[in-house]
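Working through the structure, step by step
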Amino acid sequence: MTNNSSQLPDLPEHVPHGELARELTLFHITMMGLGMMIGAGIFLGMGISIGVAGPGGAILTFALNGLLAMFTAMSYAELSSAIPRAGGAYNFARVGFGRGSSFLAGWMEWFASSVAGSMYALTFAIYTVRFFEYFHLLHWLPVSILLFEKIVAVLTAGLFIYINFRGASETGKVGALITLGQTLFLLIIGIVGIAVAIKEPERLANFKPFMPNGWHKLLITMGFTYVAFEGYEVIAQAGDEALEPRKNLPKAMLYSVLIVTCIYVLAAFATIVSVKSSDAILEGQQLWIWIGRHQQRGFGEAVSRLMPAGNYILTLAVIFASTSALNATIYSATRASYALGRDRMLPRLFASIHKRRKTPYGALLGAAAIIIIVITVLPTTDVASSASIMFLFLFFMVNLCVIKIRRNMADELTYGFIMPLFPVFPVLAILCQVVLAAWLVHMSLLAWIIAPAWIITGLIMYHTWSKSRAITTADEILVLEERKLYDKNEIKEKYPIMVAVANPVNAASLVKGTYRLCGAKDAQVELIHMVPVPDQVSLHDAEKYSEPGKEAMLLAMRKLSKHFPISTTLRYCRSIARGIVSALRQKRVKMLVMGWHGRPSTSLFYLGATIDPIIERAPCNVVVLKDYGEDKMFKHVLVPLAGGPNGPLALEIAAILCDHSAGDGDSITVFTVDTGRRVFDLDTFIDEQTRRLHLERKRFQSKVVKSRNPVRAILDEAKNHDLVVMGTTQKPILFQFAGTSIPEIIARHCEKPIVMVKSDVGVRSWIKRWI
């Protein structure tokens, strides 16, 4: 016998270094998202997009990317409204997939945001230095222009690191002012473009040909510019500092994506109509070719000819954009590493909060180190591509998280926003992000070296440091004790059955049914008890609530261990259903057996907050025993069917539980109700399934009753039997009645023991094993 008993870790009830101050309004966090989006990417990517995809392709690039960004923004909005904490994707992955995945999410988020910050600092430095060069004001420099740009970038980054240190209020105010400035400049450019096109409609000829290089080029330009829509990620980081976060975070995310998409499309339109097709500067070329030849400078070259002082306005717009994005990325990187430190995934320094400023200064120092190293040492362009890949990885993970969390934890969370048409949007986003991430291989080979290297470093960090030190959060599943009463090396692999026991009374009623099932399946048994700790009770006290479960497992062990290999697991989770489903996946169980007594006296009946989610989510066969007494014998079993997917399992379970020890006196009646809408061929079904399951055909008899009330017909027939075995869900003909499923109604009214089964079949069941 082995005993793998784990002690409760140190679980702090509060963050030991203080709390972040809530000071950010809806306006502040919306501006932060816009500030991170309207960065250097739009100015550098516009000319390239026009040159690759043509004039129409550029418009479609930003419009379609805005649509794709809205899909993921809705996932972020839903999750942020339910889990409004600093950490963003890290928190979502922690809740959805556990510690390992969440650490990688936070690790990548920290790196991606920091590297993006270094790129924005360099962009600011390059445009500012060139602006002064235009006026010949830098001839006195004792160093090269390249080195001077690096110095300016470091000083700029240092300034905004200090602004972030001053507090969220200062960060939000400064960022909001800068973002307003850059948005105003871009709007001016867009409005002037529309006005010029109205005044001189011949400029619209620049849109011909609309897609000169074909539609497939959109994939290149969308992949290249997609990161210009990532600002909603920084909004998710403001969960601890935003006012009314459940309401304001989703609004800010959706508003920012909508606003930035309109601005990008306007800016693209203005760029394309900026020069007349007859202008001598084009030298007979089409405008889109001329802009494409200038690559990253194409946007500036075009806009400078659109309006008077175009160069000055453009320079100011780029300066505002790069500093705004720098401010937002520093904030995002800091909160990502702060969340890791808060949960002890990184050293405690990263969770340190300044007493007066209420800012995470330790995490800020970590982000500052990466930003300055990248500015001074690394090839920023390729590393920025690595950041893009990691952002796509993060968005991919967040879209998976929103699906899994909605399925597994919707009843535990308070949502401020729920996306429509779930899960259409996250699925579409996942498919598109996979394509775009793969396509970035063609943009930067070095990026696909740096990104895996950072991830591998994170894996090493997690397994050598974080895994053993991470604290257990309230949403996690805690293994209190695990035991095996057999030597795995001495026993061949058997059919794994898990039995969920709640208390001694519950365990006693399960033993007989479990004994029969295990004997028929040649099974090994895993007894599980989920410790029910009230929400207001500390995790430290979970052990105090475990005694009934231990007594129940001991009772079941005494009666089953003589015949079958037994192991036990004692776990804690705020949601018993989620804890059991998690154990089913982890142990790769093929059948779950549960007991349930029901409440027949109530006016409304439901299977319950625990049973319902387990039946829906379990990645295995489920058998629920109701009023299944230890001393009862079942000679006559009724199996109501309507052709649903659970029918074969119901027949198999009925054959196992029906007492066959007295010879031919037992009988299994396979029963269906003919409501006049559809005829179910019972005899053919029984013949096929008994052959497939190797059951004795003579034990089964069919019976069809005509009735417009299937519930009454089944209840009347049940009076002549000892046990009823039925599927938990069936086809609409039989198993829908007045908005409530027939198993629920029958379980409420039937006085005989009932066994409800759910079969693990089909694509949907396969997906449940993973999500």
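Only a predicted model underlies this, so the values are computations on that prediction, with no experimental measurement involved.

1. Points about the overall build of the protein chain
- Within the protein chain, the regular secondary structure consists of 25 helices and 12 strands.
- Classification of the 771 residues of the protein chain by burial places 58% in the buried group.
- In the protein chain, of all internal contacts separated by at least 6 residues, the share reaching a separation of at least 24 is 84%.

2. Things to note about a nonpolar patch on the surface
- A cluster of nonpolar side chains, contributed by L421, V424, V427, L428 and L431, occupies part of the molecular surface with about 430 Å² of accessible area.
- Summarising the element assignment, V424 is placed in helix α15 (residues 424-439).
- For V424, a relative accessible area of 41% translates into the label partly exposed.

3. Examining the nonpolar core
- Counting 134 residues, the largest nonpolar core has W110 and Y232 as its most contacted members.
- No other element matches the 16 residues that helix α2 (residues 40-82) contributes to this core.
- Non-local contacts of Y232, meaning those with residues more than four positions away in its chain, are made with M37, A69, T72, A73, Y76, Y226, M253, V257 and F395.
- Listed in part, the 54 residues of the second largest apolar core include I653, A655, V725 and V757.

4. Some thoughts on helix α13 (residues 361-376)
- In a regular helix each residue adds 1.5 Å, so 16 residues correspond to 22 Å; α13 covers 22 Å between its end C-alpha atoms and thus fits that length.
- The complete set of buried residues in α13 reads G362, A363, L364, G366, A367, A368, I370, I371, V374 and I375.

5. Quick word on the packing of helix α1 (residues 26-37) against helix α9 (residues 245-272)
- Remark: α1 packs on α9, axes separated minimally by 9 Å, with the N-to-C direction vectors making an angle of 40°. When the axes of α1 and α9 are compared, the pair comes out oblique. Both α1 and α9 take part in a crossing whose hand is right-handed. Packed against α1, whose contacting residues are L26, I29, T30, G33, L34 and M37, the element α9 presents N248, L249, K251, A252, Y255, S256, V257, I259, V260 and Y264 at the interface.
- For the contact of α1 with α9, the class distribution of residues is 11 nonpolar, 4 polar and 1 charged.

6. Quick look at the side chain of E109
- The topology assignment puts E109 in helix α4 (residues 99-134).
- Put simply, E109 is tucked away with no salt bridge, and the nearest opposite charge, on R342, sits 9.7 Å away.
- With residues near it in sequence (within four places) discarded, E109 still touches G87, G88, A89, Y90, E233, Q237, A336 and L394.

7. Observations concerning the packing of aromatic side chains
- One pass over the full model with this rule turns up 20 aromatic pairs.
- With a centroid separation of 5.6 Å and 75° between ring planes, the pair formed by W110 and F350 is classed as edge-to-face. Here W110 is found in helix α4, whereas its partner F350 is found in the loop between α12 (310-342) and α13, with 240 residues between them in sequence.
- Residue W110 is classed as buried on the basis of its relative accessible area of 7%.
- Between Y162 and F165 the ring centres are 6.5 Å apart and the planes differ by 35°, which places this aromatic pair in the tilted class. A residue pair is termed a helical-turn pair when its members lie 3 or 4 positions apart in one helix, as Y162 and F165 do in helix α5 (residues 145-166) at 3 residues.
- On the basis of relative accessible area, F165 is assigned to the partly exposed category, the value being 23%.

8. Observations concerning the pattern of salt bridges
- The tally for this structure, following the rule as stated, stands at 17 salt bridges.
- In this structure, K494 engages D522 in a salt bridge whose closest nitrogen and oxygen atoms are separated by 2.9 Å. Pair noted here: K494 is in the loop between β2 (478-484) and β3 (495-500) and D522 is in the loop between α17 (504-521) and β4 (523-531), with a separation of 28 residues, a long-range link.
- For K494, a relative accessible area of 18% translates into the label buried.
- Given the relative accessible area of 38%, D522 is considered partly exposed.
- Notably, a salt bridge pairs E717 with K703, separated by 2.8 Å at the nearest N-O pair. Highlighted residues: E717 in helix α23 (residues 710-718) and K703 in strand β10 (residues 700-706), separated in sequence by 14 residues.
- Owing to a relative accessible area of 34%, K703 belongs among the partly exposed residues under this scheme.
- Through salt bridges with shared partners, a single ionic network connects E482, E526, R571 and K587.

9. So, the pairing of strand β5 (residues 566-572)
- The buried count for β5 comes to 7 of 7 residues, which makes it a mostly enclosed element.
- On β5, burial covers both faces: I566, T568, L570 and Y572 on one face and S567, T569 and R571 on the other are all buried.
- Relative to β5, β4 runs parallel, the two being bridged by 7 bridges. When the bridges of β5 are listed, H529 appears paired with L570.

10. As for the confidence of the model for the protein chain
- Per-residue confidence for the protein chain gives a mean pLDDT of 81, with 85% of residues at or over 70.
- Mean pLDDT in the protein chain bottoms out at strand β1 (residues 2-5), which sits at 40, and peaks at strand β8 (residues 636-640), which reaches 94.
- Note on residues 1-18: pLDDT is under 50 here. Beyond four places in sequence and across chains, it has 41 contacts.

11. Looking at unusual backbone geometry
- Across the junction of K208 and P209, the peptide omega takes the value -5°, indicating a cis bond.
- Along the chain, the position of P209 falls in the loop between α6 (168-199) and α7 (217-225).
- Each neighbour pair has its own omega, and for F422 with P423 the value is 0°, a cis peptide bond.
- Here P423 is to be found in the loop between α14 (380-409) and α15.
- A positive phi angle, near 55°, is found at L421, a position not held by glycine.
- With respect to the element layout, L421 can be found in the loop between α14 and α15.
- Phi angles above zero are rare outside glycine, and D627 is one such case at about 55°.
- Following the sequence through the fold, D627 ends up in the loop between β7 (621-626) and β8.

12. Some thoughts on the environment of G727
- Tracing the chain through its elements places G727 in strand β11 (residues 723-727).
- For G727, a relative accessible area of 0% puts it in the buried group.
- C-alpha separation for the pair G727 and L641, spaced 86 residues apart in sequence, amounts to 7.8 Å.

13. Notes on the pairing of β8
- A large share of β8 lies buried, amounting to 4 of its 5 residues.
- In terms of strand pairing, β8 meets strand β9 (residues 667-674) through 5 bridges, oriented parallel. Across the sheet, residue V639 finds its bridge partner in β9, namely V670.
- Relative to β11, β8 runs parallel, the two sharing 2 bridges. The residue bridging V637 from the neighbouring strand is L723, located in β11.

14. Focus on the environment of P648
- If you trace the backbone, P648 turns up in helix α21 (residues 647-657).
- Residue classification places P648 among the buried positions, given a relative accessible area of 18%.
- The residues touching P648, leaving out its near neighbours within four places in the chain, are F685, Q689, R692 and L693.

Analysis parameters
Residues numbered from 1 in each chain as written. Predicted model: local features only at pLDDT ≥ 70, side-chain atom pairs only at ≥ 80, totals over all residues. Heavy atoms only, no water. Helix = DSSP H or I, 4+ residues; strand = E, 2+ residues; numbered from the N terminus. Buried < 20%, exposed > 50% of the residue type's maximum accessible area, 1.4 Å probe, protein only. Contact = heavy atoms within 4.5 Å. Patch = residues over 30% accessible without salt bridge, like charges linked within 9 Å, V, L, I, M, F, W, Y side chains within 5 Å. Areas by Shrake-Rupley, 256 points an atom, 1.4 Å probe, with all protein chains shown as cover. Salt bridge = Lys/Arg side-chain N within 4 Å of Asp/Glu carboxyl O. Core = buried A, V, L, I, M, F, W, Y, C linked by side-chain atoms within 4.5 Å. Expected span 1.5 Å × (residues − 1). Axes fitted to C-alpha atoms, helices over the stretch in contact; angles between N-to-C directions. Parallel < 35°, antiparallel > 145°, perpendicular 65-115°, else oblique. Left-handed = near helix turned anticlockwise from the far one by under 90°. Nonpolar A, V, L, I, M, F, W, Y, C, P; charged D, E, K, R; others polar. Lys, Arg positive; Asp, Glu negative; His and termini not counted. Phe/Tyr/Trp six-rings, centres within 6.5 Å; stacked < 30°, edge-to-face > 60°. Pairing = 2+ DSSP bridges. pLDDT = per-residue confidence, 0-100.

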